[in-house]
Each structure stands twice: as structure tokens, then as C-alpha cells.
Amino acid sequence: MERRIDYALDHDGLPQPPVLAVKLQELFGLADTPRIADGRVPLLLHLLSPGGKPLQVTGDLKGFWDRTYPEVKKEMKGRYPRHPWPEDPWSATATHRAKPRGT
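Now for a quick tour of the structure. These numbers were taken from a predicted model, which means no experiment stands behind them.

When helices and strands are tallied, the protein shows 1 helix and 6 strands. The linear arrangement of helices and strands in the protein, starting from the amino end, is β-β-β-β-β-β-α. In terms of overall dimensions, the protein has a C-alpha envelope of 50 × 25 × 25 Å along the principal axes. Counting the 103 residues in the protein, one finds 30% classified as buried. Once local pairs closer than 6 in sequence are excluded, the contacts in the protein between residues at least 24 apart make up 48%. Element-wise, carbon and sulfur atoms account for 52% of the exposed surface of the protein, whose accessible area totals about 6800 Å². Once the 16 positive and 13 negative side-chain charges of the protein are each reduced to a mean point, those two points are 10 Å apart.

Applying the stated criterion across every chain yields a total of 5 aromatic pairs. Consider the rings of Trp65 and Tyr69, whose centres lie 5.2 Å apart with planes at 80°: the pair is edge-to-face. With Trp65 and Tyr69 both in helix α1 (residues 61-79), this residue pair falls 4 residues apart, about one helical turn. Among the residues examined, Trp65 registers a relative accessible area of 2% and is labelled buried. By the ring-pair criterion, three or more aromatic residues cluster together here, those being Phe28, Phe64, Trp65 and Tyr69.

Turning next to empty space enclosed by the protein. Inspection of the entire model under this criterion finds 1 cavity of 30 Å³ or more. Each pocket or cavity is described by its volume, and for the largest cavity that value is around 40 Å³. As for the largest cavity, its lining consists of Lys23, Gln25, Pro50, His83, Thr95, His96 and Arg97. For the lining of the largest cavity, the class distribution of residues is 1 nonpolar, 4 polar and 2 charged.

Below, the discussion takes up unusual backbone geometry. Positive phi, normally seen in glycine, also occurs at Ala37, with a value near 55°. Its relative accessible area of 35% is what places Ala37 among the partly exposed residues. A positive phi is found at Asp38, a non-glycine position, where the angle reads about 55°. Within the secondary structure, Asp38 is located in the loop between β3 (35-36) and β4 (41-42).

Right, let's get into α1. A rise of 1.5 Å per residue sets the reference length of α1, with its 19 residues, at 27 Å; its end C-alpha atoms lie only 23 Å apart and thus fall more than 12% short of the reference. The sharpest bend along α1 measures roughly 60° and falls at Thr68, with the proline Pro70 sitting one to four residues further on. The complete set of buried residues in α1 reads Leu61, Gly63, Phe64, Trp65, Tyr69, Val72, Lys73 and Met76. Buried residues in α1 make contact with β5 (44-48) and β6 (54-58).

With that settled, the discussion passes to the nonpolar core. Ranked by size, the top nonpolar core spans 16 residues in total, and within it Leu24, Leu27, Leu45, Leu47, Phe64, Trp65 and Tyr69 carry the most contacts. Beyond its immediate chain neighbours, meaning those up to four positions away, Leu47 contacts Val22, Leu24, Leu27, Lys53, Pro54, Leu55, Gln56, Thr58 and Phe64.

Each value, and the rule that gives it
- Residues numbered from 1 in each chain as written.
- Predicted model: local features only at pLDDT ≥ 70, side-chain atom pairs only at ≥ 80, totals over all residues.
- Heavy atoms only, no water.
- Helix = DSSP H or I, 4+ residues; strand = E, 2+ residues; numbered from the N terminus.
- Buried < 20%, exposed > 50% of the residue type's maximum accessible area, 1.4 Å probe, protein only.
- Contact = heavy atoms within 4.5 Å.
- Areas by Shrake-Rupley, 256 points an atom, 1.4 Å probe, with all protein chains shown as cover.
- Lys, Arg positive; Asp, Glu negative; His and termini not counted.
- Charge placed at Lys NZ, Arg CZ, Asp CG, Glu CD.
- Phe/Tyr/Trp six-rings, centres within 6.5 Å; stacked < 30°, edge-to-face > 60°.
- 1 Å grid on protein atoms, 1.4 Å probe; cavity = no way out; pocket = protein on both sides within 12 Å on 5 of 7 lines; lining within 4 Å.
- Points joined across faces, edges and corners; volume = space filled by probe spheres on them.
- Nonpolar A, V, L, I, M, F, W, Y, C, P; charged D, E, K, R; others polar.
- Expected span 1.5 Å × (residues − 1).
- Bend = angle between axes of the 7 residues up to and from the residue.
- Core = buried A, V, L, I, M, F, W, Y, C linked by side-chain atoms within 4.5 Å.

Below, the structure is given as C-alpha cells:
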């Protein structure tokens, strides 16, 4: 699946980190922060809920999975019960879809 990367300049005209806004479930199975430019430039991730609302901004995906995901999962599991919230996001399969009804 393709996603747009946003590039911006700050008020002084200096480049900001490139931003990838993506639903959290689409990054399951990924331990390291995605990079561009032959691995030289890490992306700033805007992690979104299944409804497309911002949950977290991070440049450290591994740290997010380790420290923040358990709390996010607790809160979001009740709001979005049809979406996967695995205990181990590293071994889970990335998805952009909800679980089928009745599962």
C-alpha cells in the first residue's frame, strides 16, 4: 500500500523531518522507524487511530511499541473493538482493515 510522505519547511525556511501519517495497524510487524533516501533519513510518524485521528507522533517506532503502545491499546481496544490490538505488535500482521463481522 502506498502512503504519501509530507515535506515541509519551518518558519525560517529550514527543512523539517519528512512526515508519514499512517494508521497504527498498518505498522504491525515493523520494529524500526521507516527511513527514506537509502536509509539516511528517518520518517516522523503520525500514528493514527482506525478512525484516522492522531494517537501519537514519534520518530522512534521501537520505543513506541515498548513504552506507549500498551496504554494506547488499552484505550483504543474499547473504542475500536473490530480492529486488531495484539499483545505483540512485532509479530502481528500489518493491516488497514477491520476484522470481519462475527470474528
